[in-house]
Amino acid sequence: MNRTLDIAPLRSFVAVADAGGFQRAADALHLSQGAVSQHVRRLESAIGRPLVERRGRGSRFTADGEKLLSLARGLLALHDEVLQSFGDEARGTVVIGSTEHAAAQLLPSLASTLDGSAPRYSVRFRIDRASKLRESFATGRVDLALLLGPADDPRATPVGDLNLAWYSAPGWRPPRAREPLPIVAFDNPCALRDRALATLSHHSIPVAIAAEANQLAGVQAAVSAGAGVALLATLGQTPEGLVARDDLPRPNPLPLALWTRQGVAPAVSERVSAALRRLLTAPVLAGVPPHELVLARGA
């Protein structure tokens, strides 16, 4: 059986131990908590055993988790030592930034892809709102940006379409005829929010914003509590505690394009474009979606 332990998930796993929890590890690595959890699940899939178990409101490592933790420290130390030995040839740091729902799903697999295709670049992540990511690209602080919308600019290269789906709590029931459909949405501005409202309006379905949040965890929590339905990007991987809805109008996918700032090495842009096309058109390991993703060259 061909099994692989990738560096990015191992680094997240060790960070959980060093930082004292998933959220603190995510903060230290500039990732979302969902991305760190995704990394741990990928390790559990490769090892074939549970590594973390719930304990009350918290969690702790299993015996196998403690064993892997010890070995992972050695692997990471050797990995970093090898890279440092070739420090004179290093080309720089690639910082990958995204909105939170992309980070939880797309970034883990993209990180592993870049580890293999661009080994001379170290990868760092940054999570931000879409408007902030656009500002960073416009002001030159971001080199590569994966943004929603048509690629009608010479700096933009299409990389695929983002499929969307409706989700609700398992016991949620739609309102009676003529009553507005309760929607859980991300704060404005948000392409997912706009697409949800436009889709329902096109089918003459009245809506009411039942809850709003600026983070994916808040949206999912409100949906799980039965506040309403939400339109999410999940690449077919249903979020824990939610169910997909097939009784609502199917939204059109959102096009994605990679924007490249002048001066960025073409090889870097080409690698990222190719990796994103593969992730968007093929089943992603352990399940992962994008909304907006940005790559920025570090100082």
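Look up a bit, the structure's there.
Bear in mind that the values here come from a model prediction, so they are computed numbers and not experimental data.

Participant: Looking at this structure, I do not really get the pattern of salt bridges. What am I missing?
Facilitator: Pairs may arise between side chains of opposite charge once their charged atoms sit close together. Taken as a whole, this structure holds 8 salt bridges when the rule is applied. A salt bridge links Arg73 to Asp18, with the shortest nitrogen-to-oxygen separation between them at 2.8 Å. Placement of the pair is Arg73 in helix 4 (residues 63–85) and Asp18 in helix 1 (residues 7–19), with a sequence separation of 55 residues. The salt bridge partner of Arg155 is Asp153, with a shortest N-O separation of 3.0 Å.

Participant: Teacher, can you tell me more about the nonpolar core here?
Facilitator: Across soluble globular proteins, you tend to see nonpolar side chains buried next to one another. With 40 residues, the main nonpolar core has Trp166, Val219 and Leu232 as its most contacted residues. For this core, the element with the highest residue contribution is strand 8 (residues 181–186), accounting for 5 residues. Excluding anything up to four places from it in sequence, Leu232 contacts Asn163, Leu164, Ala165, Tyr167, Phe186, Leu216, Val219, Gln220, Pro239 and Leu242. Of all hydrophobic cores here, the second largest spans 21 residues; its members include Leu10, Phe22, Ala25 and Ala35.

Participant: What am I meant to see in unusual backbone geometry here?
Facilitator: When glycine is set aside, most residues are seen to have a negative phi, and most peptide bonds are trans. Of note, the amide linkage connecting Asn188 to Pro189 takes the cis form, showing an omega dihedral of -5°. Position of Pro189 relative to the elements: it lies in the loop between strand 8 and helix 8 (191–202). Here Arg178, not a glycine, exhibits a phi torsion of approximately 75°, which is positive. Following the sequence through the fold, Arg178 ends up in the loop between strand 7 (165–168) and strand 8. The exposed category is assigned to Arg178, whose relative accessible area is 84%. Even without being glycine, Ser204 reaches a positive phi, approximately 60°.

Reading the values: rules and limits
Along each chain, the written sequence defines residue order, and numbers are assigned to residues from 1. Two thresholds apply to this predicted model, a pLDDT of at least 70 for residue-level local features and 80 or more for giving and counting side-chain atom pairs, whereas whole-chain, interface and lining totals are computed over all residues. With hydrogens and water set aside, each side-chain value is computed from the structure's full complement of heavy atoms. Definition used for salt bridges: Asp or Glu carboxyl oxygen within 4 Å of a side-chain nitrogen of Lys or Arg. A run of DSSP states H or I qualifies as a helix once it reaches four residues; a run of E qualifies as a strand once it reaches two. Both are numbered from the N-terminal end. Throughout this description, the term nonpolar core refers to a set of buried Ala, Val, Leu, Ile, Met, Phe, Trp, Tyr and Cys residues connected via side-chain atoms within 4.5 Å. Between buried and exposed lies partly exposed: a residue is buried under 20% and exposed over 50% of the maximum accessible area for its type, with that area taken using a 1.4 Å probe on protein chains only. By definition in these notes, contact holds between two residues if any of their heavy atoms fall within 4.5 Å.

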